[in-house]
Amino acid sequence: KNNANVNFVSNAFPIIKLDNDLIEKTSNELRKKPNDKISGMIKEAKWLLSAINNRNDTVLKVGKILCERQIHFFIQDPSKIIPLTNKDIAKEINMHPSTVSRILRSKYINTPNGVLPLKSLTASSVSKTRKVTSHQLMEIIKSMIKKEKKAMSDDSLARELNKKGYSLARRTITKYRMKLGLPSSRKRRKTIG
């Protein structure tokens, strides 16, 4: 594992704390004269503070995992992002993927590459058999087309990639070739020949 220095910036947050002296005085009074409403409010305040601290701890854990896993993205090249899903992160921190999804939503990280949404550091694999992000697949397709001597159809590209264990459908190749703005094999034949 690579070490990533990840800090939670909290100086812009309001300071929320309990007045322990007041709680102690109130608790002494409540022993003499019980009041369920006030006791409930004290419990709620303690719960709220605990929930905020737990949330901040979880945000920091998720941030550390993302930065450790995507270290090559930061130090080498943004195309080096590796497949990493909410489910992968959730498994590591022993939480539900929906919790991770909420943590990633509307949170940002200040990096050497600028301020990024946390969500941008996750990526699903487009292949069930090999870990490859959509960006990486597009780079592979672009490279294959650049090197072709004879224009390969999307079906041929899929077959070549599947020989290497990618298990991709022709329509997946077509989708990413089109995202790259690359013409079909029929149109490429005219420029190669």
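The structure we're discussing is the one just above.
Keep in mind that what you see is a predicted model, and the values were worked out from it rather than measured. (Residues numbered from 1 in each chain as written. Predicted model: local features only at pLDDT ≥ 70, side-chain atom pairs only at ≥ 80, totals over all residues. Heavy atoms only, no water.)

Draft legend 1. Quick look at the pairing of strand β1 (residues 108-111). The alternating pattern of β1 places Ile109 and Thr111 on a buried face and Tyr108 and Asn110 on a face that is not buried. Bridge count for β1 against strand β2 (residues 114-117) is 4 bridges, and the pairing is antiparallel. Across the sheet, residue Thr111 finds its bridge partner in β2, namely Gly114. From the end of β1 to the start of β2, which pair antiparallel, there are 2 residues. (Buried < 20%, exposed > 50% of the residue type's maximum accessible area, 1.4 Å probe, protein only. Helix = DSSP H or I, 4+ residues; strand = E, 2+ residues; numbered from the N terminus. Pairing = 2+ DSSP bridges.)

Draft legend 2. Broad picture of the nonpolar core. Residues Val62, Leu66, Ile89 and Leu121 are the most contacted members of the largest nonpolar core, which totals 20 residues. If you list the elements that add at least two residues to this core, you get α2 (36-69), α3 (71-75), α4 (86-93) and α5 (97-104). Here this core takes 5 residues from α2, the largest share from any one element. Beyond its immediate stretch of four places on either side in the chain, Val62 contacts Ile89, Ile93, Ile103 and Leu104. Counting residues in each nonpolar core, the second largest holds 13 residues, with Val132, Ile141, Ala158 and Tyr166 among its members. (Core = buried A, V, L, I, M, F, W, Y, C linked by side-chain atoms within 4.5 Å. Contact = heavy atoms within 4.5 Å.)

Draft legend 3. Up close: the layout of surface pockets. Of the voids in this model, the largest pocket is the one considered here, and its volume is about 550 Å³. Contributing to the lining of the largest pocket are 22 residues, with Val6, Asn7, Tyr108, Ile109 and Asn110 lying nearest its centre. Sorting the residues of the lining of the largest pocket by element identifies α2, α3 and β1 as the ones contributing at least two each. When residues of the lining of the largest pocket are assigned to their parent elements, the largest contribution, 5 residues, is made by α2. Residue composition of the lining of the largest pocket, by class: 15 nonpolar, 5 polar and 2 charged. Taken as a whole, the second largest pocket encloses approximately 230 Å³ of empty space. Looking at the lining of the second largest pocket, its residues break down into 6 nonpolar, 3 polar and 1 charged. (1 Å grid on protein atoms, 1.4 Å probe; cavity = no way out; pocket = protein on both sides within 12 Å on 5 of 7 lines; lining within 4 Å. Points joined across faces, edges and corners; volume = space filled by probe spheres on them. Nonpolar A, V, L, I, M, F, W, Y, C, P; charged D, E, K, R; others polar.)

Draft legend 4. Layout of the pattern of salt bridges. Applying the stated criterion to the full structure yields 7 salt bridges. A salt bridge links Glu29 to Lys32; the shortest N-O distance between them is 3.9 Å. With Glu29 and Lys32 both in helix α1 (residues 20-32) and 3 residues apart, this pair spans about one turn of that helix. Residue Glu29 is classed as partly exposed on the basis of its relative accessible area, which comes to 48%. Given a relative accessible area of 67%, Lys32 falls into the exposed group. In this structure, Lys142 engages Glu139 in a salt bridge whose closest nitrogen and oxygen atoms are separated by 3.5 Å. Within this pair, Lys142 and its partner Glu139 are both found in helix α6 (residues 134-147), separated by 3 residues, close to a single helical turn. Classification of Glu139 by relative accessible area gives partly exposed; the value is 35%. (Salt bridge = Lys/Arg side-chain N within 4 Å of Asp/Glu carboxyl O.)

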